[in-house]
Amino acid sequence: MTDKTVSVVMTTYNGEKYIREQLDSIIAQTYPIYELIIQDDGSRDRTVEICREYAKRYAFIHVYQNEHNLGCDKNFETAAMRATGDYVALSDQDDIWFKDKIAKQVAAIGDNDACGSQHMRGKTMEASHLIVPQHLLEGLMFCAFAGHSLLLRRDFIQQPSTWSLPVAFDWGIEVNAQLGRGLTMVEEPLNWHRDNEDSACHMANRKRGVTGKKERLRPYLSGFVNYRRLQQKAAWKTFYTFIHEHSAGNPRLALAHRISGYILSSSPLNLLRLCSLCLKHGSSVYASKGQKGLMGKVRAFCYPFIFAYQNYNFEQQ
């Protein structure tokens, strides 16, 4: 099926090291790309120059520059509003798409608002590992999956309400999709997410002091303290209240409705109930591989605290 047009929306910021390979992988898609919208957020390297070089060679590439730096989330939002295709695919500047990415997602999206996929992640393709994200609403209660894997209906992504939640843009999009017409997945990797120190997530983590250090007890103990602290944040209350209210009465979202209610509660008994639900439904809330063995069950039960440990999503919103 090639009657549906696809707009690719890429945001850039100081991406000269990797952007050529990503542009080449988009151009090489087996499904025709209707337009590639590139919106730069104030790069100080040769990113814009490289993009304009490609735009001269390919008429479907359009390059825009922000008058001032908007930040990652707002840059994606405003860039997405420029799209005119039936579907919108979000693109980072430093990934590499497999050639059938768009074709497989267009075939899979159906009547859903969004379609995601698995992806590979690592510094090199040879050393990469498979990322199998949780995409059900009960899993999205705790974390998002990569926005660069999303194909979205334009009528959905261009609704202001899709961007209104006080969390990272991809998290809000995915939650709104599940609360709307749904979010489906292609159960195979469709792109390589290149793990590099210049990426937006690495830079944000360095700024916040987040480390990748493996720790045994702090995620549980400090995570519990931070969980209770986060419950007092306005953004936390807004986010989970929105989910709780919009999932009410929908049998498909019954588990997410219960979980969001417990998350909003300060009752120790409801916290215990929340942990019990995470253990019972670990394959859709936490991760199926995390359920193996005694420690796997402990991690699943304590998942709300692991999630809250070094969690900054609700701090500045």
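Right, let's walk through the structure included here.

1. Here we look at the nonpolar core
In this structure, F142, Y240 and F314 are the most contacted members of the largest nonpolar core, which totals 57 residues. Here this core takes six residues from helix α7 (residues 169–179), the largest share from any one element. Setting aside its immediate chain neighbours within four residues, Y240 contacts M141, W171, S260, I263, L264, F307 and F314. V6, I38, Y54 and I61 belong to the second-largest nonpolar core, a separate cluster that totals 24 residues.

2. Thoughts on unusual backbone geometry
Glycine aside, the phi torsion of most residues is negative, and most peptide linkages are trans. Located in the positive-phi region is N14, a residue other than glycine, with phi close to 50°. Mapping N14 onto the fold places it in the loop between β1 (6–12) and α1 (19–27). Judged by its relative accessible area of 27%, N14 falls in the partly exposed class. Even without being a glycine, Q310 presents a positive backbone phi close to 55°. Summarising the element assignment, Q310 is placed in the segment after α15 (303–308).

3. Observations concerning the packing of aromatic side chains
The tally for this structure, following the rule as stated, stands at 16 aromatic pairs. Ring centres 5.3 Å apart and planes at 80° place the aromatic pair F142 and F307 in the edge-to-face group. Remark: F307 occurs in helix α15 and F142 occurs in the loop between α5 (137–140) and β8 (151–153); sequence separation between them is 165 residues. An identical accessibility class is assigned to F142 and F307; each is buried. An angle of 75° between the planes, with centres 4.9 Å apart, marks the rings of F239 and Y240 as edge-to-face. Neither residue differs from the other here; F239 and Y240 are each classed as buried. Taken together through their ring pairs, the aromatic side chains of F142, W171, F224, Y227, W236, F239, Y240, Y303, F305, F307 and F314 make up a single cluster. The ring of Y64 carries the charged tip of R82 above its face, separated from the ring centre by 3.8 Å. It is R194 that lies over the ring of W192; its NZ or CZ is 5.6 Å from the centre.

4. Observations regarding a nonpolar patch on the surface
On the surface, L294, M295 and V298 cluster together into a nonpolar patch covering about 290 Å² of accessible area. Relative to the assigned elements, V298 resides in helix α14 (residues 293–301).

5. Some words on the packing of helix α9 (residues 218–230) against helix α12 (residues 268–280)
At a closest axis distance of 14 Å, the pairing of α9 and α12 adopts a crossing angle of 120°. Looking at the two axes, α9 sits oblique to α12. Handedness of the crossing formed by α9 with α12: right-handed. Contact residues: α9 offers F224, Y227 and R228, while α12 offers P268, L271 and L274.

6. Here's the deal with helix α3 (residues 72–80)
Residues N75, F76, E77, A79 and A80 constitute the buried set of α3. Structurally, α3 contributes buried residues whose contacts are with β1, β2 (35–40), β4 (87–91), α6 (154–157) and α7.

7. Details of the pattern of salt bridges
A full pass over the atoms with the stated rule returns 11 salt bridges. Close ionic contact of R46 with E49 constitutes a salt bridge, the shortest N to O distance being 3.1 Å. Taking relative accessible area as the criterion, E49 reaches 47% and is therefore assigned partly exposed. As a salt-bridge pair, K74 and E77 come within 3.3 Å of each other at their nearest N and O atoms. Residue K74 and its partner E77 are located together in helix α3, separated by three residues, close to a single helical turn. Under the relative-accessibility criterion, K74 is labelled partly exposed at 40%. For E77, a relative accessible area of 17% gives the class buried.

8. A few points about the pairing of β4
Of all five residues in β4, five are buried; the element is thus mostly enclosed. The pairing of β1 with β4 spans five bridges and is classified as parallel. Along β4, the bridge assignment pairs V8 with A89. Note: β4 against β8, three bridges, orientation antiparallel. Looking at the pairing, A89 lines up with L151 of β8.

Procedures and definitions
- Residues numbered from 1 in each chain as written.
- Predicted model: local features only at pLDDT ≥ 70, side-chain atom pairs only at ≥ 80, totals over all residues.
- Heavy atoms only, no water.
- Core = buried A, V, L, I, M, F, W, Y, C linked by side-chain atoms within 4.5 Å.
- Buried < 20%, exposed > 50% of the residue type's maximum accessible area, 1.4 Å probe, protein only.
- Helix = DSSP H or I, 4+ residues; strand = E, 2+ residues; numbered from the N terminus.
- Contact = heavy atoms within 4.5 Å.
- Phe/Tyr/Trp six-rings, centres within 6.5 Å; stacked < 30°, edge-to-face > 60°.
- Lys NZ or Arg CZ within 6 Å of the ring centre and 35° of its normal.
- Patch = residues over 30% accessible without salt bridge, like charges linked within 9 Å, V, L, I, M, F, W, Y side chains within 5 Å.
- Areas by Shrake-Rupley, 256 points an atom, 1.4 Å probe, with all protein chains shown as cover.
- Salt bridge = Lys/Arg side-chain N within 4 Å of Asp/Glu carboxyl O.
- Axes fitted to C-alpha atoms, helices over the stretch in contact; angles between N-to-C directions.
- Parallel < 35°, antiparallel > 145°, perpendicular 65-115°, else oblique.
- Left-handed = near helix turned anticlockwise from the far one by under 90°.
- Pairing = 2+ DSSP bridges.

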